Amino acid sequence: MTLPMATSLTAVKKRIALISGFGVWAASAANAQITPAGIGMQPANSALAEEVHIFHNLILMPIITIISAFILGLLIWIVIRYNSKTNPTPSKFSHNTMIEIIWTGVPVLILLVIALPSFDLLYKEDVTPDGQQVVATGDGQTVDFIFANDFPESRMVRRPKHLQVIVDNGSERRVMKNRADYRVDGFGEANLVVSMATPPVAGERVIIRGGRSVDHRGNVTLAPTMTLKVTGYQWGWNYAYPDFGDFEFLSNMLPRDQTTPELYLRAVDNRIVVPVGETVRVTITARDVIHAWALPAFAVKLDAVPGRINETWFNADREGVYYGQCSEICGIKHSFMPIAVEVVSRPAFEAWVDSQRALAGMDPLFDADTVKLAQGDASAHAE
Ligand SMILES: [Cu+2]
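Keep in mind that this is a model prediction, so the values were computed, not measured.

**Q** How should I be thinking about the overall build of the chain in this particular structure?
**A** Assigned secondary structure in the chain consists of five helices and 17 strands. Within the chain, the proportion of its 383 residues that are buried is 26%.

**Q** What am I meant to see in helix α3 (residues 97-126) here?
**A** For an α-helix, the turn length of 3.6 residues means that residues three or four places apart are oriented alike. Counted at 1.5 Å a residue, the expected span for α3 with its 30 residues is 44 Å, and the 43 Å between its end C-alpha atoms agrees. Counting buried positions along α3 yields one of 30 residues, so the element is predominantly exposed.

**Q** Just to check I follow, could you spell out unusual backbone geometry for this structure?
**A** Trans is the prevailing form of peptide bonds, just as negative phi is the prevailing case for residues other than glycine. In the segment running from Gln234 into Trp235, the intervening peptide bond is cis, with an omega of -5 degrees. Note on placement: Trp235 falls in the loop between β8 (226-233) and β9 (236-241). A positive phi is found at Asp246, a non-glycine position, where the angle reads about 60 degrees. Among the secondary structure elements, Asp246 is positioned in the loop between β9 and β10 (247-251). In the Ramachandran plot, Leu265 falls in the positive-phi region, its phi being about 80 degrees despite a non-glycine side chain. Here Leu265 is to be found in the loop between β10 and β11 (272-275). Judged by the 17 C-beta atoms lying within 10 Å of it, Leu265 falls in the partly exposed class.

**Q** In this structure, what is going on with the sheet that holds strand β3 (residues 163-168)? I would like to understand it.
**A** Adjacent strands of a sheet pair through backbone hydrogen bonds, lying either parallel or antiparallel. Spatially, β1-β7-β3-β4 is the arrangement adopted by the four strands of the open sheet, whose pairing is antiparallel. Edge positions in the sheet fall to β1 (132-137) and β4 (173-175), since each of these pairs with one other strand and no more. Taking the axes of each pair of neighbouring strands and ignoring which way they run, one obtains an average angle of 20 degrees across the sheet. Sheet topology places β3 next to strand β7 (residues 205-210); six bridges connect them, and they run antiparallel. Looking at the pairing, Val165 lines up with Ile208 of β7.

**Q** So what exactly am I meant to see when it comes to the environment of Val353 here?
**A** Positionally, Val353 belongs in helix α4 (residues 346-359). In sequence terms Val353 and Leu365 are twelve residues apart; their C-alpha atoms lie 7.9 Å from each other. The residues contacting Val353, other than those within four sequence positions of it, are Phe244 and Leu365.

**Q** Honestly, the nonpolar core in this entry has me stumped. Any pointers?
**A** Grouped together as the largest cluster of nonpolar side chains are 47 residues, with contacts concentrated most on Leu228, Val230, Val274, Trp293, Phe298 and Val341. Discounting residues that sit within four places of it in the chain, Leu228 has contacts with Tyr239, Tyr241, Ile272, Val274, Val280 and Val282.

**Q** Help me understand the packing of helix α2 (residues 47-81) against α3 in this model?
**A** The relative placement of two packed helices is expressed as an angle between their axes plus a distance between the axes. Close contact between α2 and α3 brings their axes to 11 Å; oriented N to C, the two are set at 170 degrees. When the interaxial angle is binned, α2 and α3 end up roughly antiparallel. Facing α2, whose interface residues are Leu48, Glu51, Val52, Phe55, Ile59 and Ile63, α3 presents Ile110, Val113, Ile114, Pro117, Ser118, Leu121, Lys124 and Glu125.

**Q** Can you walk me through α2 in this structure?
**A** Between its first and last C-alpha atoms α2 spans 50 Å; for 35 residues at 1.5 Å apiece the expected length is 51 Å, and the two agree. Where α2 bends most, the angle comes to about 30 degrees, and this point is Leu60, followed within four residues by the proline Pro62.

**Q** What's the story with the sheet that holds strand β2 (residues 144-148) in this structure? I'm lost.
**A** With antiparallel pairing, three strands are arranged side by side in an open sheet as β2-β6-β5. In this open sheet, the two strands that pair with only one neighbour each are β2 and β5 (182-185). The mean inter-strand angle of the sheet, taken between neighbouring strand axes irrespective of direction, is 25 degrees. Pairing geometry for β5 and strand β6 (residues 191-196), over four bridges, is antiparallel. Within β6, the position partnered with Arg183 by the bridge is Ser195.

**Q** Mind showing me how you'd approach the confidence of the model for the chain here?
**A** Atom-level detail of predicted coordinates should not be read off regions where pLDDT is low. Mean pLDDT over the chain works out to 87, with 87% of the residues at or above the 70 mark. Below a pLDDT of 50 lies the segment residues 1-9, which in the model reaches five contacts outside its immediate sequence neighbourhood of four places, other chains included. Low pLDDT, under 50, characterises residues 371-383; the predicted model gives this stretch 19 contacts beyond four residues in sequence or across chains.

**Q** Explain the pairing of β7 to me, please; I cannot follow it from the model alone.
**A** In this structure, β1 lies alongside β7, joined through six bridges in antiparallel fashion. Along β7, the bridge assignment pairs Gln132 with Gly210.

**Q** Hey, could you run me through the environment of His334 in this one?
**A** Note on placement: His334 falls in the loop between β16 (320-326) and β17 (338-344). With sequence-adjacent residues up to four places away left out, His334 is seen in contact with Cys326 and Ile329.

What counts, and at which threshold
Residues numbered from 1 in each chain as written. Predicted model: local features only at pLDDT ≥ 70, side-chain atom pairs only at ≥ 80, totals over all residues. Helix = DSSP H or I, 4+ residues; strand = E, 2+ residues; numbered from the N terminus. Buried ≥ 20, exposed ≤ 12 C-beta atoms within 10 Å, placed from the backbone. Expected span 1.5 Å × (residues − 1). Pairing = 2+ DSSP bridges. Axes fitted to C-alpha atoms, helices over the stretch in contact; angles between N-to-C directions. Contact = placed C-beta atoms within 7 Å. Core = buried A, V, L, I, M, F, W, Y, C linked by C-beta atoms within 7 Å. Parallel < 35°, antiparallel > 145°, perpendicular 65-115°, else oblique. Bend = angle between axes of the 7 residues up to and from the residue. pLDDT = per-residue confidence, 0-100.

Here is the structure:
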């Protein structure tokens, strides 16, 4: 469903990157977070970051390039055509109504073209997703499935694009098409009835996702499964996991002799660990001066202000380790408080949570079987 769109966008982006002379896409090698001499943006690891890149590459860069080239052209033309040798007697007029209307009106239109999509992005960054999911199992006969539309009035599922139906047979997931594969009754009402064109086979899972948090790929983003509490201090970060027993730890930069030259100023002693493909709510504050928690791969950058809690979110597409930095000048060691996030599978995340709870003297939260499986995963994942 998303592939053709993504492919054509990539092609367009490549063309734009060529035109604007920026080798941004050199960075698209998988997980190449740190590119020596790189000048482009880090590869996006979330739908929202991808949208931020599209905004930059398809709207901002072309506009900047065209305006710069146009002004340069005008300057060259004036220098050649209207210097004192080629144009010894200059004209004396001082007003031209038409040109004044144009050079006021065109910039206003350009600003509108920039502003409208940027408001959309700002809104998405600011509002934590609230999508809900219902999972039912097919029995070979049932065609009607209920989705409780119990959102606040302003966030209700009202249109086909607020709803997504996925059928999972265990080995593959198919995104169903509205009208062709299913019909929906009751948009804007308390209960939605999704009627499948053909009854899902016994054992097949029917996943219905609904909500107003729809990303640019057309996927409904689900509500957070966890909150990460971030507190900046001079000079490092404190992280807490309130949903899993409120254990917390400090995350400080590794000194030069404890890491590689590439990772120096990025690597930390304790990374944040989050599950892949799940929405993570991030609340950010500081305990001394203003810092900023910035994670480019997720298009997150938010001030950490003492006495105030800022909120944002991200939802990682891929596993891996992602780096960021404090982005508010906060004192002499401002550049020595990096951020490192490790995105792992759900089982590996649960194993990590239980290991942190053990350190804090708490019992495991997840059942033994899961943890056993997860520990295998976690050790395979360790560097
Ligand atoms: Cu700082």
